[in-house]
Amino acid sequence: MEINRRNFLHSAAAASAGAVIPQLTIRPRAVKRNKNDKLQVAILGSGFRGQSHIDLLLNRSDCKIVAVADVDAEMISRTKNLFTKKSVAQPKYYSSDEKSYLELIEKEEIDLAIISSPWRWHSEMAIACMKAGIYTGMEVCGAFSLNECWQLVNVSEATNTPLYFMENVCFRRDVMAILNMVKKNMFGEMIHLEGGYQHDLRGVKFNDGVSAYNSGVEFGDKGFSEAKWRTKHSVYRNGDLYPTHGLGPVAQMIDINRGNRFLYISSISSKARGLHDYILNHEKGGKDHPNAKQAFKLGDKVTSFIKTNNEETIVLHHDTNLPRPYSLGFRVQGSKGLWMSVNKSLHIEGTSPSHRWEDAEAYLKKYDHPLWTKHEQKAVGAGHGGMDWFLINSLVEHCKEDLDPPFDVYDAAAWLAVTPLSEESISLGSQPVAFPDFTRGRWTERKGTFGDNPNF
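Calculation criteria
Within every chain, residues take consecutive numbers counted from 1 along the sequence as written. Reporting in this predicted model follows two pLDDT cut-offs: at least 70 for local features of residues, and 80 or more for side-chain atom pairs to be given and counted; totals over whole chains, interfaces and linings ignore these cut-offs and use all residues. Hydrogens and water are ignored here; the side-chain numbers use all heavy atoms of the structure. We treat two strands as partners when DSSP finds at least two bridges between them. Note on conventions: DSSP H or I runs of at least 4 residues are helices, E runs of at least 2 residues are strands, and numbering of each starts at the N terminus. Axis angles are defined between N-to-C directions and span 0 to 180 degrees, where every axis is a line fitted to C-alpha atoms and, for a helix, only to the segment in contact. Working rule for contacts: check all heavy atoms of both residues, and any pair within 4.5 Å makes them a contact. Counted as salt bridges are all cases of a side-chain nitrogen of Lys or Arg within 4 Å of a carboxyl oxygen of Asp or Glu. For every residue, the accessible area (1.4 Å probe, protein chains only) is compared with the maximum for its type, and the residue is labelled buried under 20%, exposed over 50%, or partly exposed between those bounds. Residues are said to line a cavity or pocket when one of their atoms sits within 4 Å of a point; the points come from a 1 Å grid over protein atoms alone, cavities being sets where a 1.4 Å probe fits but cannot get out and pockets being open sets with protein on both sides within 12 Å along at least five of seven lines. Grid points are joined across faces, edges and corners, and a volume is the space filled by probe spheres set on the points. Under the scheme applied here, ten amino acids are nonpolar (Ala, Val, Leu, Ile, Met, Phe, Trp, Tyr, Cys and Pro), four are charged (Asp, Glu, Lys and Arg), and all others, including Gly, are polar. Look down the strands so they point away from you; if going from the first strand over the helix to the second traces a clockwise path, that crossover is right-handed.

Chemist: Residue-level account of the sheet that holds strand 3 (residues 92-94), with values.
Modeler: Across a sheet, strands are paired by hydrogen bonds formed along the backbone, either parallel or antiparallel in direction. One open sheet accounts for six strands, arranged 3-2-1-4-5-6; its pairing is parallel. Edge positions in the sheet fall to strand 3 and strand 6 (163-166), since each has one partner strand and no second. On average, each strand axis in the sheet is inclined to that of its neighbour by 25°, with strand direction left out of account. Pairing of strand 4 (residues 112-115) with strand 5 (residues 135-139), which is carried by four bridges, proceeds in the parallel orientation. By the bridge assignment for strand 5, I115 is matched with M138. Helix 15 (residues 409-416) rests against strand 5 and strand 6 of the sheet, and its axis sits at about 45° to strand 6.

Below, the structure is given as structure tokens:
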């Protein structure tokens, strides 16, 4: 037990080591935008996720996409088609090499940058944008190190530049309705929450280079879209690689970084078989395929347990390499009842039949969040059941008003940190590992804003 305690305290000390704000060379924007002008927007990474954002922005009258940075010729071609189809002038493209985004930042007058590149570039690009004084929207992933998380916090603080962490699942309609019910105390005091990323991605990770939806067994240089880079994480890493879809929404329900914070995490990993079997049994694979000899480090099922300062427990699931239906597996449980997304049911003591589930649909309609009731028609056809429209609308409106984001750099750091912390815990035999306090104590005073504004 002494060894466990020593390791745990060592982890806490190491987590705090990055808290020194670095010296920075800041380039302030030369021109400040008039509030009546269109937002000048740059897209860093124009893969399928970036194209989804572009499509939504092209429908808005308050934004102009002026520049795009990407090195993938196929994705640049697809992006150009989006502008052509809507008869909108093409932006300037920066695509000579992987660092071309730096030239974009230096040359263009940008109000808002949206980062939707492969994971390895997220923080690097965000830091460069914040140093340039650009309001920054950063797509989700998991961090590579705690130092990376601290760098995001330190640069945002030093430049006073907001980072909007683009967790779209926080805007999912049922999740927002449940958040509404939580705020009304219908489930009582929060006790336990669950979520995760449970999504069969084998066909996304492996591709034959013809179409994003024509699955094969190739990855890396021979892959297409995400298969070029995502599979490598399964080769070399073992932890919760994509934690924020499950964690972000439940964090809103227990005021993380706003009166509450994560204390420690313990993670456990299963064996890795799913990707190997996929290659072995695929019509384009087989035992003689070169990739059949590839070993994968990522366990097929990674489960993480988190304890909070206010004594709630959270369970996170990462499950992307086995055959399964899609599910984020939400469970929101309080002293008076619970909701579970997997069976679309809930139980509220004193209201529901004793020891019986109720269909949640009537409750979700009754307590539909005001954001959805006001704007649902605008979100029709938008990605992920409409929640992508709410995400982009919130990002744009917060940028226009120069407001602090609902999911800010402290949330980004805490949620991203799950990945390196889970990797460390697994490597230590599932020992608990402490979360840093990225707010440096300000979590005791900060107030949440998500869902309070009926417009965005």
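And the narrative resumes.
Chemist: Residues and numbers for the sheet that holds strand 14 (residues 358-359), please.
Modeler: Strand order in this open sheet of nine strands is 14-13-12-11-7-10-9-8-15, and the pairing throughout is mixed. Each edge of the open sheet carries a strand with a single partner, namely strand 14 and strand 15 (433-434). Where strand 12 (residues 337-340) lies against strand 13 (residues 345-348), four bridges are found, and the strand directions are antiparallel. When the sheet's bridge partners are listed, M340 is paired in strand 13 with S345.

Chemist: Give me the lowdown on the pattern of salt bridges, citing residues and values where you can.
Modeler: Overall, the coordinates contain 24 salt bridges when judged by the stated rule. A salt bridge links R60 to D62, with the shortest nitrogen-to-oxygen separation between them at 2.9 Å. Here R60 matches D62 in class, with each residue buried. Each of R60, D62, E397 and K400 takes part in one network of salt bridges that share partners.

Chemist: Account for the side chain of D388, naming residues and giving values.
Modeler: Along the chain, D388 turns up in helix 14 (residues 387-400). D388 sits in the buried class, given a relative accessible area of 1%. Residues within four places of D388 in sequence aside, it is in contact with R49, S52, L56, N168 and G383.

Chemist: Quick one: what's the story with empty space enclosed by the protein, residue by residue and with numbers?
Modeler: Vacant regions in the atomic arrangement are exposed by a probe of water-molecule size rolled over the atoms. Taken as a whole, this structure holds three cavities of 30 Å³ or more when the rule is applied. The computed volume of the largest cavity comes to approximately 70 Å³. Looking at the largest cavity, the residues that line it are N257, R261, F262, Y410, A414, F435, P436, D437, F438 and T439. For the lining of the largest cavity, the class distribution of residues is six nonpolar, two polar and two charged. Taken as a whole, the second largest cavity spans an internal volume of roughly 50 Å³. Looking at the second largest cavity, the residues that line it are W119, L201, K205, R230, H233, S234, L241, L298, H318 and T320. For the lining of the second largest cavity, the element with the most residues is helix 9 (residues 230-236), which contributes three residues.

Chemist: Can you explain the pairing of strand 6? Please cite residues and give values.
Modeler: Taking every second residue as pointing to the same face, both faces of strand 6 are buried, with L163 and F165 on one and Y164 and M166 on the other. Strand direction decides the pairing type here: strand 5 and strand 6, joined by four bridges, are parallel. Pairing of G137 across the sheet is with Y164, part of strand 6. Since strand 5 and strand 6 lie parallel, the crossover through helix 6 (residues 146-159) that links them has a hand, and here it is right-handed.

Any link to function would need more than the numbers given here.
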